[in-house]
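Coordinate inspection notes
If you want the building blocks of each chain, they are given just below.
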Amino acid sequence: MCFIHENFILNNKVAQDLYHNYASKMPIIDYHCHLEPKDIAENKRFETIYDLWLAGDHYKWRQMRANGVEEKYITGDAAPIEKFKAWCETVESCIGNPLYHWTHLELRNYFGITDTLGIHNYKDVWDKCNSLLKKPEYSAQGLIGRSNVEVVCTTDSPLDNLEYHRKIKAQSNFKTKVLPTFRPDEALDSEGEAFKIFIKKLSELTNKNITNFADFLLAIENRIDFFHENGCRLSDHGLMKIEFLASDTQQQEDLFAKKLQGLVLTANEKIVYCSAVLTALAKFYATRNWAMQIHFGVIRNNNSIMLSKTGINTGFDSICDQTDLAIHLNAFLNSLNQQDALPKIIIYNLDASLNDVVATTIANFQKAGSVKSNMQFGSGWWFNDTKRGMLRQLTTLADQGLLMNFVGMLTDSRSFISYTRHEYFRRILCNLIGQWVTDGEIPHDNKLLEKLITGICYQNAKNYFQF
């Protein structure tokens, strides 16, 4: 039997029925990813499997470094086939890591390769994959289409002109809906000269003279309206920690003035400033029925020597702890609620020890409206995008909230063949539910189980985001 077979991870009959009858047939709504809209608009072709599969993938790069691979075979100037060979040798050491599963799922699903990958067959796999990549169905749009993807939401700066989104929309032969996501990290994290440059560009784009905090918020809202006109219905925010301190208008204006001068705020001032910006943003989102995503708990670029050599997003980030999360997160959400400015929110955390803190906090602020569970505990993210991480997230959500209303999985990826992560998640989900049925913990009610599985895999996201 092949390693990746039809009942992979489906360890009981109920799980197998749930997956094959329901989960596997659902379209994909990939509401958070890092694909480049330009690549989709231009229907990018990939010369080699390295270009499609290994370039830019810091998940793989981390494991290659752990396997003793020299940096020239990772981010350096080695030939693509040599980098691919180094990755294939590393795969043999990835037993227990989700990359071992993802790798073989992708090889089977997109290239029909069912052999386990290793140094022994790297050249055969290289040749077969590269031969297939010459076919039209292996273009960017072809890979998205064959993956049964209904919606893709990219991640976009407020300064983006969204040119490529408009080009994609005009292509009648491409059926997948590709929408922007508003990611205003520059408005929150940049400081010094970088912040002044951001403000200058924002001012030019909006034709607004930004001299104070009120001007700044008007310009940001102008960009939100522009994104909304181009189909955007959700935002995203990357934070190291969730911290909240209330402030008045004068404090906000004073801090913004310091930033305009290129001055660096103190640690406490940064919390006050970011709290004010996040609060204003949440109000804008709420009035437009957007969803607000918050990814938090990562400490980035920890290896300063490698940062200077390879730049950001190259595999030197890790989980950040936070001891006072419950106080800050409750205070932030409560402040929004008091102002009737609480949008739909999805919160993802990296420190899994905080799962119950996040899940119990968002339960405090659920409210009736056009969607069920307007407050969502997001799927296992980044370092929790594993079998263990997904199970912890699913069981925490079931313990503290309503698993039935969960909006499900996303790729959070830059790869056009990472949609296997949805399959991986769906198999894990079905196996969990199947085990609960087998153990007699929930009823073997086919209609109820169909509603649960199809909801989490597709329907809940469709209803929640209302694209």
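Quick notes on the rules
Residues numbered from 1 in each chain as written. Predicted model: local features only at pLDDT ≥ 70, side-chain atom pairs only at ≥ 80, totals over all residues. Heavy atoms only, no water. Pairing = 2+ DSSP bridges. Helix = DSSP H or I, 4+ residues; strand = E, 2+ residues; numbered from the N terminus. Axes fitted to C-alpha atoms, helices over the stretch in contact; angles between N-to-C directions. Contact = heavy atoms within 4.5 Å. Parallel < 35°, antiparallel > 145°, perpendicular 65-115°, else oblique. Left-handed = near helix turned anticlockwise from the far one by under 90°. Nonpolar A, V, L, I, M, F, W, Y, C, P; charged D, E, K, R; others polar. Expected span 1.5 Å × (residues − 1). Buried < 20%, exposed > 50% of the residue type's maximum accessible area, 1.4 Å probe, protein only. Polar contact = N/O pair within 3.5 Å; in protein donor to acceptor, adjacent residues only side chain to side chain. Disulfide = S-S within 2.5 Å. Phe/Tyr/Trp six-rings, centres within 6.5 Å; stacked < 30°, edge-to-face > 60°. Lys NZ or Arg CZ within 6 Å of the ring centre and 35° of its normal.

Attention now moves to the sheet that holds strand 9 (residues 375-377). The sheet built from four strands is open, its strands ordered 4-5-8-9 with parallel pairing. Both outer strands of the open sheet, strand 4 (234-239) and strand 9, are each paired with one neighbouring strand and no more. Shown here is a sheet whose adjacent strand axes are inclined to one another by a mean of 15 degrees, direction ignored. Strand direction decides the pairing type here: strand 8 (residues 344-349) and strand 9, joined by three bridges, are parallel. What sits directly across from I345, in strand 9, is M375. Sheet strands in contact with helix 20 (residues 446-465) are strand 4, strand 5 (291-296), strand 8 and strand 9, and its direction is about 130 degrees off that of strand 8.

So, on to the packing of helix 19 (residues 420-438) against helix 20. Axis separation between helix 19 and helix 20 bottoms out at 11 Å; the angle between their running directions is 155 degrees. When the axes of helix 19 and helix 20 are compared, the pair comes out roughly antiparallel. Where helix 19 crosses over helix 20, the handedness of that crossing is right-handed. Contacts between helix 19 and helix 20 involve F425, R426, L429, C430, I433 and V437 from the first element and L449, L452, I453, I456 and C457 from the second. By residue class, the composition of the contact of helix 19 with helix 20 is ten nonpolar, no polar and one charged.

Further remarks concern helix 12 (residues 213-229). For the α-helix, the turn length of 3.6 residues means that residues three or four positions removed from each other point alike. For helix 12, built from 17 residues, the straight-helix expectation of 24 Å at 1.5 Å per residue is met to within 8% by its first-to-last C-alpha distance of 24 Å. Among all positions in helix 12, only F213, D215, F216, L217, A219, I220, R223, I224 and F227 are buried. On its buried face, helix 12 is in contact with helix 10 (185-189), helix 11 (193-206), helix 13 (249-260) and helix 14 (267-287). One side-chain oxygen at the N-terminal end of helix 12 lies 3.2 Å from the backbone nitrogen of A214; it belongs to N212. Just past helix 12, the residue G231 takes up positive phi, approximately 95 degrees.

Before going further, it helps to examine the state of the cysteines. Taken as a whole and judged by the stated rule, the model has zero disulfides. The cysteine C129 is free of any disulfide, with C88 supplying the nearest cysteine sulfur at 8.8 Å. C457 takes part in no disulfide bond, and the closest cysteine sulfur, belonging to C430, lies 5.8 Å away. Residue classification places C457 among the buried residues on the basis of a relative accessible area of 9%.

A word on the packing of aromatic side chains. A ring pair, where both rings are aromatic, is described by two values, the distance of the centres and the angle of the planes. Applying the stated criterion across every chain yields a total of 25 aromatic pairs. Centre to centre, the rings of F111 and Y138 are 5.6 Å apart; their planes meet at 25 degrees, and the pair counts as stacked. Remark: Y138 occurs in the loop between helix 7 (122-132) and helix 8 (140-146) and F111 occurs in helix 6 (residues 98-111); sequence separation between them is 27 residues. Both residues of the pair, F111 and Y138, belong to the buried class. Here F195 and F256 contribute two aromatic rings whose centre-to-centre distance is 5.8 Å and whose plane-to-plane angle is 80 degrees, an arrangement assigned as edge-to-face. Here F195 is found in helix 11, whereas its partner F256 is found in helix 13, with 61 residues between them in sequence. Ring-pair connections join several aromatic residues into one group, and the members of that group are F182, F226, F227, Y285 and W290. Here K60 stacks its cationic end above the ring of W87, 5.7 Å away from the centre of that ring. Positioned above the aromatic ring of Y138 is the side chain of R146, whose terminal nitrogen or guanidinium carbon lies 4.8 Å from the ring centre.

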